[in-house]
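Residue-level structural notes
Below are the chains, spelled out letter by letter.
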Amino acid sequence: MEKDSDILLKYRAVTNKLKKRFLKKPNVAEGSEQFASLAKNLKNQECPQYAGFCCLAQARCEHTLSNAAGEAQALTDAARAFLEAELMDRELRVPGFQEHLTSSINCYSHAIRVHIESKQIALAASLCLEVGNVLRKVNRPGEAIAHYQRAAELQSQSALDCLDALNMVARCKMDTKDFEGALAVLTEMAYLAHERGGSSTTGRPIGAYCDILAKCEVTRVLLLLLLQPTPQRIRPEHAQTLEKYTWESCDSITEMYLGEDLYLLLQSVVMACQSLDLESLRALQKELWPLLDCEQNQLLHLVIQELAHPSGEGI
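Everything quoted here is computed from the prediction, not taken from an experiment. (Residues numbered from 1 in each chain as written. Predicted model: local features only at pLDDT ≥ 70, side-chain atom pairs only at ≥ 80, totals over all residues. Heavy atoms only, no water.)

Moving on, we get to the overall build of the protein chain. Across its full length, the protein chain carries 15 helices and zero strands. For 315 residues, the compact-globule formula gives about 20 Å, and the C-alpha radius of gyration of the protein chain, at 26 Å, lies well above that figure. Over its C-alpha atoms, taken along the principal directions, the protein chain stretches across nearly 90 × 50 × 35 Å. A burial count over the protein chain gives 44% of its 315 residues as buried. Restricting to contacts in the protein chain with at least 6 residues of sequence separation, those with at least 24 account for 54%. (Helix = DSSP H or I, 4+ residues; strand = E, 2+ residues; numbered from the N terminus. Rg over C-alpha atoms; globule rule 2.2 N^0.38 Å. Buried < 20%, exposed > 50% of the residue type's maximum accessible area, 1.4 Å probe, protein only. Contact = heavy atoms within 4.5 Å.)

Below, the discussion takes up the side chain of Q155. Of note, Q155 is situated in the loop between α7 (141-154) and α8 (159-175). Here Q155 is in contact with A125, L129, D161, C162 and A165, once residues within four sequence places are set aside.

This next bit is on the packing of aromatic side chains. Enumeration over the complete set of coordinates arrives at two aromatic pairs. Centroid distance Y245 to Y263: 5.3 Å. Interplanar angle 40 degrees. Geometry classified as tilted. Of this pair, Y245 sits in the loop between α11 (236-243) and α12 (252-258) while Y263 sits in helix α13 (residues 260-274); the two residues are 18 residues apart in sequence, bridging distant segments of the chain. For the pair shown, Y245 and Y263 are each scored as buried. (Phe/Tyr/Trp six-rings, centres within 6.5 Å; stacked < 30°, edge-to-face > 60°.)

All right, on to the pattern of salt bridges then. The tally for this structure, following the rule as stated, stands at 12 salt bridges. E180 is the salt-bridge partner of R233, the closest N and O atoms lying 3.7 Å from each other. Note that R233 is positioned in the loop between α10 (208-227) and α11 and E180 in helix α9 (residues 179-196), a separation of 53 residues in sequence. Judged by relative accessible area, which is 62%, R233 ranks as exposed. (Salt bridge = Lys/Arg side-chain N within 4 Å of Asp/Glu carboxyl O.)

Moving on, we come to the nonpolar core. The biggest cluster of nonpolar side chains holds 90 residues, and the ones touching the most others in it are M189, L223, L225, L258, V269 and L281. Top element by residues in this core is α10. It accounts for 13 residues. For L258, the contacting residues outside a window of four places in its chain are A214, E217, V218, Y245, Y263 and L266. With five residues, the next largest nonpolar core counts V14, F35, A57 and C61 among its residues. (Core = buried A, V, L, I, M, F, W, Y, C linked by side-chain atoms within 4.5 Å.)

Our focus in this paragraph is α13. Here α13 contains 15 residues, and its C-alpha end-to-end distance of 21 Å stays within 8% of the 21 Å for a straight helix at 1.5 Å per residue. Considered for burial, the residues of α13 that qualify are L262, Y263, L265, L266, Q267, V269, V270, M271, A272 and C273. Lining the buried residues of α13 we find α10, α12, α14 (278-288) and α15 (294-308). Once α13 ends, the next one or two residues include L276, with phi positive near 55 degrees. (Expected span 1.5 Å × (residues − 1).)

We now examine the side chain of T241. Along the chain, T241 falls in helix α11. When neighbours within four sequence positions are excluded, T241 is seen to be in contact with E217, R220, V221 and L224.

Let us now look at unusual backbone geometry. Backbone geometry follows two general trends: most residues other than glycine have a negative phi, and most peptide bonds adopt the trans configuration. The backbone phi angle of S66 is positive, close to 60 degrees, even though this residue is not glycine. Tracing the sequence through the fold places S66 in the loop between α3 (48-64) and α4 (68-91). Located in the positive-phi region is N139, a residue other than glycine, with phi close to 65 degrees. Mapped onto the elements of the fold, N139 is located in the loop between α6 (121-137) and α7. The exposure class of N139 is exposed, given its relative accessible area of 64%.

The structure is reproduced here in structure tokens:
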């Protein structure tokens, strides 16, 4: 591994070549290549923070050359390098102020802006998702929400991509215990899936939209059982959701994308909660466990805890 002083000398050598001199125009393209080469060598030497600075210098060169694609790529490389430095510091338990993470997020945001200005909306959206994933990885789900929401907005013309981004928003809201916020996002997802995922002949949801609707439906029911809104406070669409699971009701469309077994089990869960039958609910939990995903099983656990401790200790 090179010494810090040697790295600084190489960086300065490239920088000096780019300074304007009398009657001599600097070769910016060559400077960009040299910064890229230096960044690659530093990555190989496990010096990601220094590689990040070189990528930033490369991005400035590409901006001077009016090469938006090259600038965005260099900024993305810088963001990933600073992130790697942050994760290395965390693994080694190095004390600090998370300055590498801040640099990484700033580089991502700059790259997203460059992509949007270049009308590369899909690339901008993918980076928004990447930033959200980064923030979730470092246990900052609350900050990740805005990036996932922006990805959803950028992908509004692609329903499935938009729904994937919104799903991440809902997951982050559940991570931060904002259950009402998660319920609102999942309701929005259900409307979008119904609106954009219907068959042209029957109007009923098809393909991947059925899976999305099933996930939204189960999670929304569990959230409503957890939140226990009073009749005065419950929104009409949420009241209609719970009404589908009374003994007298049978929603054939909902049963279609949930499957008969899951629909009947969910109906039993709703009735057990309404009758405060904790023993039956615990028995149903064992049957539902393999049919639910990790987050839904956690919600069902919280529902049982809340029923066992009505004062609020369950939440």
